[in-house]
Amino acid sequence: MVDERSLIRRAQQKDLEAFEQLVRLKRESAFRVAFNIVGDEDDAEDIAQVAFIKLWSSLRQFNENQRFDPWFFRIVVNLAIDHLRVRRRGPQALPEERQDDAAPGAQPAGVPSADPASQADVELMRVELRKVFNDIARRLTPQQRAAFTLREIEGVPTEEIARIMSTRQSTVRNHLMSARRALQEELRRRYPEYFRMKERG
Amino acid sequence: MGGVPTDLFDCARVNSYLEAYLLDRVPPPERRGMRLHIHRCPACFAKVTARDPLQLFAPLADQKRGEPGSGPQVWESFWDDIAEGVRKEESLGAMPRLVRWVSARPALLAAAAAAVIVAVGVVWLRPAGELRGPEPPAIPVMAGAGVPPAPESGGMPLPPVVEAVRTPDARPVTVYSMAYEVPGAGSTQAQLVLIVDGGLEL
């Protein structure tokens, strides 16, 4: 088991080998957070890489008494929000129409069946969910999307999100509320099978 | 993000906290434990998403990069690009702060170079005479100028006026101007004007 604290300490002393290990440790989550905010794999990879390069030059400012993840994810989230803002200033891509035609009453894609699922099934479920999320989250503002990703996907407490996004908790709650409302509307409109499931439930 | 407690929740326990979970009233450590169970248990997942369809997306927290089965090779060049960026940062770090700041802004550097070229071009192409301003007006020479009245003639010196001005070619000069009233000569005044280089104090 790699000791994260000692890697951070060594990387602060400009130990590149320790920094590479730290990158290995954090790359999945950095990529995932960036991807869920910007919705594009290549962009998310670029953002994660730039975030690590920024981390290298600012790591000395990290105080050991802080928690590392929120401190680092502040860099990732801000880069992702900026990226999304710039991209949206350009020509807007219209939301793609969904490709699959779910039969009425069919089990919605992305929902595990009651049977024990294999690892491959679980991965396919996530791929499907990722598509659905990406599809309906285009309506959100960069801040709403970042707040929703951190809260509902990453499970970060509101207080910490406020610190990551350098804003007030009440603003985060507003972003979350608007994001939830927009996503529910879009899910109901584009993927009504998930709501049929709710009605059945 | 962060350590996740495992095996702390079973279906019964998730059920009893479900309401609080959906209202976001479960403290973070327990919430993480609940999420872990919910993502892996189809029955609890169905229950949660039936109440709140947006909980569908919570399992995205466990997604790995790439398509299913793509493995760790998706990260192949990830570190190489970071290492390259780090090397660049380090070489920039060795430069003085101003150079670093400018180097990071190539557009600014190009704009500054263009401005210098234009300025040099303008100066070089203009005839030398045009750089000089118009000739200053000649100072009128008054009758009796340069001959201060003798004190015995009863001349009354007025307070001197001192002005710092610049010549058209931007040289600072000081103008000392002193007028004398000559008694018995009506409004006749004698005026003494001294124009002195700005570097000299009188």
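Residues numbered from 1 in each chain as written. Chains lettered and ligands numbered in written order. Predicted model: local features only at pLDDT ≥ 70, side-chain atom pairs only at ≥ 80, totals over all residues. Heavy atoms only, no water.

## Brief notes about the overall build of chain A
Check the secondary structure of chain A and you find nine helices and zero strands. N-terminal to C-terminal, the α/β element order of chain A is α-α-α-α-α-α-α-α-α. Within the span of chain A, comprising 201 residues, buried residues form 49% of the whole. In chain A, the share of contacts with a sequence separation of at least 24, taken over all contacts with a separation of at least 6, comes to 67%. Surface exposure of chain A reaches about 10100 Å², of which carbon and sulfur atoms provide 47%. (Helix = DSSP H or I, 4+ residues; strand = E, 2+ residues; numbered from the N terminus. Buried < 20%, exposed > 50% of the residue type's maximum accessible area, 1.4 Å probe, protein only. Contact = heavy atoms within 4.5 Å. Areas by Shrake-Rupley, 256 points an atom, 1.4 Å probe, with all protein chains shown as cover.)

## A word on the state of the cysteines
Taken as a whole, this structure holds zero disulfides over all chains when the rule is applied. Of all cysteine sulfurs in the structure, the one in Cys 41 of chain B sits closest to Cys 11 of chain B, which takes part in no disulfide; the separation is 3.7 Å. (Disulfide = S-S within 2.5 Å.)

## What about the confidence of the model for chain B?
Residue and element names in this part refer to chain B. Averaged over every residue, the pLDDT of chain B is 74; the share at 70 or more is 63%. Averaged pLDDT values over the elements of chain B bottom out at 57 in helix 7 (residues 128-131) and peak at 90 in helix 1 (residues 11-22). Reported for the predicted complex are a pTM of 0.64 and an ipTM of 0.78. (pLDDT = per-residue confidence, 0-100.)

## Some points on the environment of Asp 197 of chain B
All names here are of chain B. Note on placement: Asp 197 falls in strand 4 (residues 189-197). Along the chain, Asp 197 and Thr 174 lie 23 residues apart, while their C-alpha atoms are 6.3 Å from each other. Sequence-distant contacts of Asp 197, defined by excluding residues within four places in its chain, comprise Arg 171, Pro 172 and Val 173.

## Digging into the interface of chain B and chain A
On the side of chain A, 56 residues touch chain B, which itself brings 39 residues to the contact. Between chain B and chain A we count three salt bridges in total. Between Lys 14 of chain A and Glu 90 of chain B there is a salt bridge; the shortest N-O distance is 3.7 Å. Here chain B is connected to chain A by eleven residue pairs in polar contact (both at pLDDT 80 or more). Secondary structure elements with two or more residues in the side of chain B that touches chain A: helix 2 (28-40), helix 3 (42-51) and helix 4 (78-93) of chain B. Here the side of chain B that touches chain A gets eight residues from one element, more than from any other, and that element is helix 4 of chain B. When its residues are assigned to classes, the side of chain B that touches chain A shows 19 nonpolar, eight polar and twelve charged. (Salt bridge = Lys/Arg side-chain N within 4 Å of Asp/Glu carboxyl O. Polar contact = N/O pair within 3.5 Å; in protein donor to acceptor, adjacent residues only side chain to side chain. Nonpolar A, V, L, I, M, F, W, Y, C, P; charged D, E, K, R; others polar.)

## Focus: the nonpolar core
Nonpolar side chains tend toward joint burial in soluble globular proteins. Grouped together as the largest cluster of nonpolar side chains are 51 residues, with contacts concentrated most on Phe 19, Leu 55 and Phe 72 of chain A. Put simply, the parts of the chain that give this core at least two residues each are helix 1 (4-12), helix 2 (16-38), helix 3 (41-58), helix 4 (68-89), helix 6 (142-153), helix 7 (158-164) and helix 8 (169-190) of chain A together with helix 4 of chain B. When neighbours within four sequence positions are excluded, Leu 55 of chain A is seen to be in contact with Phe 19, Leu 22, Phe 68, Trp 71, Phe 72 and Ile 75 of chain A. Counting residues in hydrophobic clusters, the runner-up holds 31 residues, among them Val 132 of chain A together with Met 34, Ile 38 and Phe 57 of chain B. (Core = buried A, V, L, I, M, F, W, Y, C linked by side-chain atoms within 4.5 Å.)

## A short note on the side chain of Asp 43 of chain A
Residues and elements named next belong to chain A. Mapping Asp 43 onto the fold places it in helix 3. Residue classification places Asp 43 among the buried positions, given a relative accessible area of 17%. A distance of 3.3 Å separates polar atoms of two side chains, one belonging to Asp 43 and the other to Arg 87. Among residues more than four places away in sequence, those in contact with Asp 43 are Val 38, His 83 and Arg 87.

## A look at the packing of aromatic side chains
Enumeration over the complete set of coordinates arrives at 15 aromatic pairs over all chains. Arranged with centres 5.4 Å apart and planes meeting at 55°, the rings of Phe 72 of chain A and Phe 73 of chain A form a pair that is tilted. We note that Phe 72 of chain A, like Phe 73 of chain A, is buried. One aromatic cluster in this structure is built from Phe 31, Phe 35, Phe 52, Phe 62, Phe 68, Trp 71, Phe 72 and Phe 73 of chain A together with Trp 75 and Phe 78 of chain B. (Phe/Tyr/Trp six-rings, centres within 6.5 Å; stacked < 30°, edge-to-face > 60°.)

## Here's the deal with helix 2 of chain B
Taking 1.5 Å per residue as the helical rise, helix 2 of chain B with its 13 residues ought to reach 18 Å, and the 19 Å between its terminal C-alpha atoms agrees with that figure. Turning to helix 2 of chain B, its buried residues number three or more, namely Arg 31, Gly 33, Met 34, Arg 35, Leu 36, His 37, Ile 38 and His 39 of chain B. On its buried face, helix 2 of chain B sits against helix 6 of chain A together with helix 1 and helix 3 of chain B. (Expected span 1.5 Å × (residues − 1).)

## Digging into the environment of Leu 16 of chain A
By the element assignment, Leu 16 of chain A lies in helix 2. Given the relative accessible area of 32%, Leu 16 of chain A is considered partly exposed. As a C-alpha pair, Leu 16 of chain A and Trp 56 of chain A span 40 residues in sequence and 9.1 Å in three-dimensional space. Beyond its immediate sequence surroundings of up to four residues, Leu 16 of chain A is in contact with Trp 56 of chain A together with Trp 79 and Val 86 of chain B.

## Considering the confidence of the model for chain A
All names here are of chain A. Across chain A, pLDDT averages 84, with 79% of residues at or above 70. Mean pLDDT in chain A bottoms out at helix 9 (residues 193-200), which sits at 61, and peaks at helix 3, which reaches 95. Per-residue pLDDT stays below 50 along residues 101-105; that stretch engages in four contacts with residues further than four places along the chain or on separate chains.

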